[in-house]
Amino acid sequence: MTTIHVLADSGQDLVKSHDSFPAEEDSEPPADELENHLRTLEVDEATIDYDRLDEAIEASMTVFDLGRRRQRTAMDSNLAPIVHQCIDVPPRVAAVPGMWHYLTLLRYPDFITSRWSQDDDLQEKFLGTQKDLYSNHLARLWWGAHLTYDEEEDHYLATHRLFNKQRLVNYVLDSSFRRYRPAAIAFAEELWDESGKNITSIAKRFNNSLSTTQLESRSKDQIRDQLGKIRNYVENTN
Amino acid sequence: MPTEKALDSELETFVREVLQNANDQGLPNDDPVKVTFEFNRLTGDDLDEYLEALQWTGQADPPANLEWHVERAIENEQARDPGLRRFVDSFEGDELLVLTVHDENTTGLVGEEDDSSQPYGALVKDFGGSEKLDSSSGGSHGVGKTVLWAFSSISTVIFNSGPRETISADEEPPRLIGRSILPAHDHEDANRTYTNHGWFGYADDSEIDRLGRPPSLWDGGNAVSELADTLQVDRPSNETGTSIGVVGFRIPGEDMHPEPEDLSEQFRHAAVKHFWPAISRGDLDVRVRTPDGDEEVANWNDAPGVRPFVECYSQLFEVETDELEGPGSVAKTTVDITVPEENEGVLDAPDPEYETTVDLLIRQLNPTDTEEFDESDDRDLSRNRVARLRGAQMIVDYVDKSSVADRGDDFVAVLVCGEAQSPNGDTPTPEQRAVEKFLKRSEPTQHDDWQGSKNDYLKKHYRGTIVKEIAALEGERLERALAEVVQEDVESGDGVPDMDDVAPIMGGRTNDDESKGGGPVMDWEEEPGTWFDDGNWMFYGKGGPIDEDHGPWSVTITIDRLDVDESSSDSIPVQSVKPLSPGVGIVQNGDSVTLDVDESIHEIEFEGSSEKVVDGIGDVREAFEIGAITEARLDVSAEIETEDDS
């Protein structure tokens, strides 16, 4: 039995209506106030290894140069599997937005701020939007890893590849098929070394093709095969 | 990861109907109706005794053995039953799969021999031959049982029941009766024809004369119980209920030897899929026992995709808000319905007309929901479906409302109607009762839809608007209620597409500011449409301004390529257009084309085609795969100058 901390919606509202955080530079979440809006969930078969996670996040912030885009991307690719391993919770729990709000706002605010300080939408990285859980930074790392983790072979190769390309991870996690694991893995495996421009064209054609085909009936290999064909077509017509 | 297996829809019908019958016959207490599907694979002595009790062979003259009848029945050309022939060809007397369905905490087969309003009578009445199973049987007891015979290799079913009440003192449970429904056949020597109906019952000549069939056997001593035991329909307890034996279980039109382990999985999936409301309320308990003695209780894991629906439904009496507050949140709204007044010619105490509402619960999906849908591998258990139910606590159907989610959040919804709207244990309001009756009467035999049109039974019972009211719970009125909850506020202006983009064919634009976004301005004799033909998208339309006092007008035609969300991803260039009416100017602008028409012309006709969309692509299959052939939509907008403009 593990206690999972969850920030209630009222806590989320508090952040949304806050004057200075995260809009102002060097501002911090109102931790004391937020503590009053915490709830807990008791979950069987869940463990959160904070020691290892703390260490990994701290090390990442030292090793990677967060002023450079390429380095930030590399950090995501490096951290996603660790986040997934350290936060060992069933998907049902990982789908609770408040759990991620607690982690980003009260556990790792400095990390989130450093990672996304160049971005306009810092609040979204802390909270996630109303419609989209995946924009919370930690949830994004966790779900991206969860979707691409190879359960049979027990490795995260596809996760590394997915996060290694910002355009790719954005497309996969923001698309309407994102919850279909074979598609997520196929994208990572097939398009990880493709240019951003081509990824956009291929993804658009793939989306178009889904107006006439049922994705859920296709295996990972079939989807890879299809992506390969689209790639050929896109490269030949360019 | 979805498996390749698709749930057999016939099997689903079977499970639905069996469970529906049992559920309808539940006793009025707080305990669940319990249904156990028990598979037995008979071999050796057990099988010999079974066949003997069934009189499969023997009794040659007069021919009373079942094998004799079955062998002749397969010769009937008018009523060909290939499954029956397959059985005869392959059965070697060494193995037989029997499915017994036990229901407990139910009324059992009560009723006199000839009272067809009761469960027993409904079962034995003549539904196999000329009497058509039309909509008039909707909602009534028992008729669903015809499905049982379809799943018996030799179309034979045995019933053993402990009824809740009996009529006379001689009638001591259990009550045993069997029935075969076979194609009619002849006795070649005796010049005699046999009808469809074969019976296993009490051989009493006077009763046979009176009823035209033997009555059921009742247990005086232990003989009937022992016979029931041999026939694999012994009751699990002395409590009331029925055990139904399906002789030689098969799936119609499929392999003669289904594997009970596979069947178990599919039975549980179907049970959970259609009965999760009853199961979640503790009203129904479904289990499957396989020949190895394993017994599995149907639970959410058998169809994980029901979970989002269950969670949605669990908020029926909890949630007040009609706004979604993020992934996993639930909102509640209503859909209006007017139940027409009942027809006094048919009913003694007809209800008046009721204007009322049914409840609609909507859950915004969270990521786990979709994972559960993937695991279920069932088209109905997926996003943007509305599960519809009434008091029977069975899902009538899952309606696909993906179109509503195109401009909003993904969701699942549960439409809760009639007596299901009242909390457990409360007396339903007159309105709820009226909706319940209205919908129940609209159900076809399979109870898998609410049908207003072409429903004579419904027409007989009501006076007033029927078709529109039934359709409201599936069509536009339901969609509007959903849209108000899941779609962004159109006024907010944050990128929600203009109405013209969504339903371009409905209207058009005029220069008159006041009518912008108003009603349709074009009257289409042939609504413009597009279709795919030999590598091109073709289009055609015919119409003109509604307002005859118009100035010059124009029609702009664009072919939109649609993506997975059915939103326009780009456009397919129009290559040629031919106005079939004279005096029309053509202007090509980018991918679109505009037809300019002067004020003297009131209607035009046009046709045309797109550029070839499959140029340079190997084959058609590949054209689909690389997103060259997609869904497309014709976007037609009109601009009409009014007199004031000029």
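Nothing here was measured: the structure is a model prediction, and the numbers come from that model.

(A) Spatial organisation of the overall build of chain B. When its secondary structure is counted, chain B shows 18 helices and 28 strands. Accessible surface computed for chain B: about 29,000 Å², of which carbon and sulfur atoms make up 42%.

(B) Up close: the overall build of chain A. When helices and strands are tallied, chain A shows 14 helices and four strands. The burial tally for chain A puts 53% of its 238 residues in the buried class. In chain A, the proportion of contacts linking residues at least 24 apart, taken out of those at least 6 apart, comes to 71%. If you sum the accessible surface of chain A, you get close to 10,800 Å²; carbon and sulfur atoms cover 42% of it.

(C) Quick look at the interface of chain A and chain B. Contact with chain A, which involves 28 residues of that partner, is made by 38 residues of chain B. On inspection of chain A and its partner chain B, the count reaches six salt bridges. The closest approach of N and O atoms between Glu-372 of chain B and Arg-92 of chain A, which form a salt bridge, is 2.5 Å. When contributions to the side of chain A that touches chain B are tallied by element, the ones reaching two or more residues are helix 5 (91–94), helix 9 (137–148), helix 12 (181–191), helix 13 (196–209) and helix 14 (220–237) of chain A.

(D) Examining the confidence of the model for chain B more closely. All names here are of chain B. Looking at chain B as a whole, the pLDDT averages 82, with 87% of positions reaching at least 70. pLDDT under 50 marks residues 128–144. Its contacts with residues more than four places away, or in other chains, come to 33 contacts. Within the model, the stretch residues 490–518 combines pLDDT values under 50 with 40 contacts to residues more than four positions away or in other chains. At the level of chain-chain contacts, confidence expressed as ipTM amounts to 0.75, with global pTM at 0.58.

(E) The arrangement of unusual backbone geometry in detail. Here Phe-21 of chain A and Pro-22 of chain A are connected by a cis peptide whose omega angle stands at -5°. Position of Pro-22 of chain A among the secondary structure elements: in the loop between helix 1 (9–16) and helix 2 (31–35). Here the amide bond leading from Pro-173 of chain B into Pro-174 of chain B is cis, since omega sits at 5°, within 30 degrees of zero. Inspection of the secondary structure assignment puts Pro-174 of chain B in the loop between strand 3 (156–162) and strand 4 (175–181). Here the phi dihedral of Gln-55 of chain B falls at roughly 55°; this positive angle occurs in a residue that is not glycine. With respect to the helices and strands, the residue Gln-55 of chain B is situated in the loop between helix 2 (44–53) and helix 3 (66–73). Since its relative accessible area comes to 31%, Gln-55 of chain B is described here as partly exposed. Within the chain, Asn-105 of chain B stands out as a residue other than glycine whose phi angle is a positive 60°.

(F) Spatial organisation of the nonpolar core. Within the largest apolar cluster, 106 residues are counted, with the highest numbers of intra-cluster contacts made by Ile-87, Val-89 and Trp-100 of chain A. Membership of the second largest hydrophobic core comes to 63 residues, among which are Val-15, Val-18, Ile-251 and Trp-276 of chain B.

(G) Seen up close, the packing of aromatic side chains. Scanning the model with the defined rule gives 26 aromatic pairs over all chains in all. Ring geometry for Phe-309 of chain B against Phe-373 of chain B: centres 6.3 Å apart, planes inclined by 55°, an arrangement best described as tilted. Within this pair, whereas Phe-309 of chain B is found in helix 10 (residues 307–313), its partner Phe-373 of chain B is found in helix 11 (residues 367–376), the two being separated by 64 residues in sequence. Since its relative accessible area comes to 5%, Phe-373 of chain B is described here as buried. The side chain of Lys-125 of chain A reaches across the aromatic face of Trp-116 of chain A, ending 4.3 Å from its centre.

(H) Structural detail: the sheet that holds strand 15 (residues 385–389) of chain B. All names here are of chain B. Reading across from one edge, 12-14-17-15-16 is the order of the five strands in this open sheet, with mixed pairing throughout. A strand with exactly one partner marks an edge of an open sheet, and here the two such strands are strand 12 (330–339) and strand 16 (395–400). Strand-to-strand, the axes of this sheet are offset by a mean angle of 25°, without reference to chain direction. Note that strand 15 and strand 17 (residues 411–416) share four bridges and pair parallel. Bridge assignment links Leu-389 to a residue of strand 17, and that residue is Val-416.

(I) Spotlight on the confidence of the model for chain A. Of the residues in chain A, 97% have a pLDDT of 70 or more, and the chain-wide mean is 88. Here helix 8 (residues 122–127) of chain A stands out as the least confident element of chain A, with mean pLDDT 84; strand 4 (residues 87–88) of chain A is the most confident, with 96.

(J) Structural context of the pairing of strand 26 (residues 592–597) of chain B. All names here are of chain B. Within strand 26, five of the six residues are buried, leaving the element largely enclosed by the surrounding structure. Relative to strand 26, strand 22 (residues 550–562) is paired through five bridges, and the arrangement is antiparallel. Opposite Ile-557, over in strand 26, you have Val-593 as the bridge partner. Judged from the six bridges that link them, strand 25 (residues 584–589) and strand 26 form a sheet pairing that is antiparallel. Bridge pairing in strand 26 places Val-587 opposite Thr-594. Taking the residues between adjacent antiparallel strands as the criterion, strand 25 and strand 26 are bridged by two residues, where Gly-590 takes a positive phi near 65°.

(K) Expanded view of the pattern of salt bridges. Residues and elements named next belong to chain B. Enumeration over the complete set of coordinates arrives at 52 salt bridges over all chains. Across the pair Arg-281 and Asp-283 runs a salt bridge, and its minimum N-O distance is 3.5 Å. Judged by its relative accessible area of 24%, Arg-281 is partly exposed. For Asp-283, a relative accessible area of 24% puts it in the partly exposed group.

(L) Representation of the pairing of strand 14 (residues 354–364) of chain B in the model. Residues and elements named next belong to chain B. Across the eleven residues that make up strand 14, a large majority, nine, are buried. Across ten bridges, strand 12 lies against strand 14 in antiparallel orientation. Among the inter-strand pairings, Val-339 is bridged to a residue of strand 14, identified as Tyr-354. Where strand 14 meets strand 17, six bridges bridge the pair, whose relative direction is antiparallel. In the sheet register, Leu-360 faces strand 17, and the bridge partner there is Leu-415.

(M) Region of interest: the sheet that holds strand 24 (residues 574–579) of chain B. All names here are of chain B. What the four strands build is an open sheet, ordered 20-21-27-24; its pairing is antiparallel. If you trace the sheet from one side to the other, it starts and ends with strand 20 (522–533) and strand 24, each paired once. Direction aside, neighbouring strands of the sheet carry axes that sit 15° apart on average. As judged from the six bridges shared by strand 21 (residues 536–545) and strand 27 (residues 604–610), these two strands associate in the antiparallel manner.

Reading the values: the criteria
Residues numbered from 1 in each chain as written. Chains lettered and ligands numbered in written order. Predicted model: local features only at pLDDT ≥ 70, side-chain atom pairs only at ≥ 80, totals over all residues. Heavy atoms only, no water. Helix = DSSP H or I, 4+ residues; strand = E, 2+ residues; numbered from the N terminus. Areas by Shrake-Rupley, 256 points an atom, 1.4 Å probe, with all protein chains shown as cover. Buried < 20%, exposed > 50% of the residue type's maximum accessible area, 1.4 Å probe, protein only. Contact = heavy atoms within 4.5 Å. Salt bridge = Lys/Arg side-chain N within 4 Å of Asp/Glu carboxyl O. pLDDT = per-residue confidence, 0-100. Core = buried A, V, L, I, M, F, W, Y, C linked by side-chain atoms within 4.5 Å. Phe/Tyr/Trp six-rings, centres within 6.5 Å; stacked < 30°, edge-to-face > 60°. Lys NZ or Arg CZ within 6 Å of the ring centre and 35° of its normal. Pairing = 2+ DSSP bridges. Axes fitted to C-alpha atoms, helices over the stretch in contact; angles between N-to-C directions.

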